[in-house]
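# Working through the structure, step by step
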Amino acid sequence: MRLVLASAIALQAFAFAPVAHAAGGGDSSPPKPTNTTKKCLFGRVYDKDAGRCVKPNKTNFTQDELYGAVRELAYDGQLENAQDVLRIMDQDDDRVLTYWGFTFRKLGDLEQANLFYQDAIRVNPDNILARSYMAQGYVAEGRTDLAIEQWREIKARGGEGTWAEASLREAIRTGLTFNY
């Protein structure tokens, strides 16, 4: 009963809090489509220098370029192609682990997603985006108490007002989760 009451009080606070779209915990806007999603197929990434779509590897793209391609592919719904790019990236990078979790969550495998989110948080406890995405999975499962725990953790780690915090707050309030 105490948990239900605490959850109800926390949800009331969400109802009156404005949604900020700061980029501190992840970009608040969808990625702009590039040739990677406009022209490339089968998990290939557009190489500006080569002027064509290529199979990505660690030598023809920086980690940040690959991360951008993963984000773009995932937002475009090309989750398996995003995972193909993730496979060649640094598997100890908490951003990579976060996007593994994101793609598995969007593919409906919440158990696998949570393992990746937990790994991302283990590598970087201040990864508020991993916390937000994991908690949005909790919202989708109806486990609002766990989502609220992560929301509080995000705030405690300085994430109040960031996209990660605001989108999670909105997901808890409405039950609708975000795709980017």
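Just so it is clear, the model here is predicted, and its values are computed rather than measured.

A count of helices and strands for the protein gives 9 helices and 2 strands. Beginning at the N terminus, the succession of helices and strands in the protein can be written as α-α-β-β-α-α-α-α-α-α-α. Across the 180 residues in the protein, those meeting the buried criterion constitute 46%.

Our next topic: helix α6 (residues 110-123). Between its terminal C-alpha atoms α6 stretches 20 Å, which fits the 20 Å expected from 14 residues at 1.5 Å a residue. Looking only at α6, the buried set comprises L110, A113, N114, F116, Y117, A120 and I121. End-on view of α6: buried residues confined to an arc of 165 degrees, all on one side of the axis. Turned more than 90 degrees off the buried face of α6, the exposed positions are E111 and R122. Where α6 is buried, its residues contact α5 (94-106), α7 (128-141) and α8 (144-156).

Per the stated rule, a full pass over the model turns up 1 disulfide. Disulfide partner of C40: C53, at an S-S distance of 2.1 Å. Its S-S torsion of approximately -90 degrees makes the covalent link between C40 and C53 left-handed. Note that C40 is positioned in the loop between α2 (35-38) and β1 (45-47) and C53 in strand β2 (residues 52-54), a separation of 13 residues in sequence. Taking relative accessible area as the criterion, C53 reaches 22% and is therefore assigned partly exposed.

This paragraph deals with the packing of α8 against helix α9 (residues 163-174). Between α8 and α9, the shortest axis-to-axis distance is 10 Å and the interhelical angle comes to 155 degrees. As judged from the angle between their axes, α8 and α9 are roughly antiparallel. Judged by the sense of rotation from one axis to the other, the crossing of α8 with α9 is left-handed. Contacts from T144, A147, I148, Q150, W151, I154 and K155 of α8 reach α9 at A164, E165, L168, R169 and I172. Within the contact of α8 with α9, the residues separate by chemical class into 7 nonpolar, 2 polar and 3 charged.

Positive phi is not limited to glycine here, since F42 has a value of about 60 degrees. Locating F42 in the fold gives a position in the loop between α2 and β1.

For the protein, mean pLDDT is 85; residues scoring 70 or higher make up 83% of the total. When the elements of the protein are averaged for pLDDT, helix α1 (residues 2-15) gives the smallest value, 37, and α8 the largest, 98. Confidence drops under pLDDT 50 across residues 1-25; counting only partners more than four residues distant or on other chains, this segment forms 37 contacts.

Let us look at the packing of aromatic side chains. In the structure shown here, the tally under the stated rule is 8 aromatic pairs. Centre to centre, the rings of W100 and F104 are 5.9 Å apart; their planes meet at 20 degrees, and the pair counts as stacked. Highlighted residues: W100 and F104, both in helix α5, separated by 4 residues, approximately one helical turn. Per residue, the accessibility class of W100 equals that of F104, and both read buried.

Conventions and cut-offs
- Residues numbered from 1 in each chain as written.
- Predicted model: local features only at pLDDT ≥ 70, side-chain atom pairs only at ≥ 80, totals over all residues.
- Heavy atoms only, no water.
- Helix = DSSP H or I, 4+ residues; strand = E, 2+ residues; numbered from the N terminus.
- Buried < 20%, exposed > 50% of the residue type's maximum accessible area, 1.4 Å probe, protein only.
- Expected span 1.5 Å × (residues − 1).
- Arc of directions from axis to C-beta.
- Contact = heavy atoms within 4.5 Å.
- Disulfide = S-S within 2.5 Å.
- Axes fitted to C-alpha atoms, helices over the stretch in contact; angles between N-to-C directions.
- Parallel < 35°, antiparallel > 145°, perpendicular 65-115°, else oblique.
- Left-handed = near helix turned anticlockwise from the far one by under 90°.
- Nonpolar A, V, L, I, M, F, W, Y, C, P; charged D, E, K, R; others polar.
- pLDDT = per-residue confidence, 0-100.
- Phe/Tyr/Trp six-rings, centres within 6.5 Å; stacked < 30°, edge-to-face > 60°.

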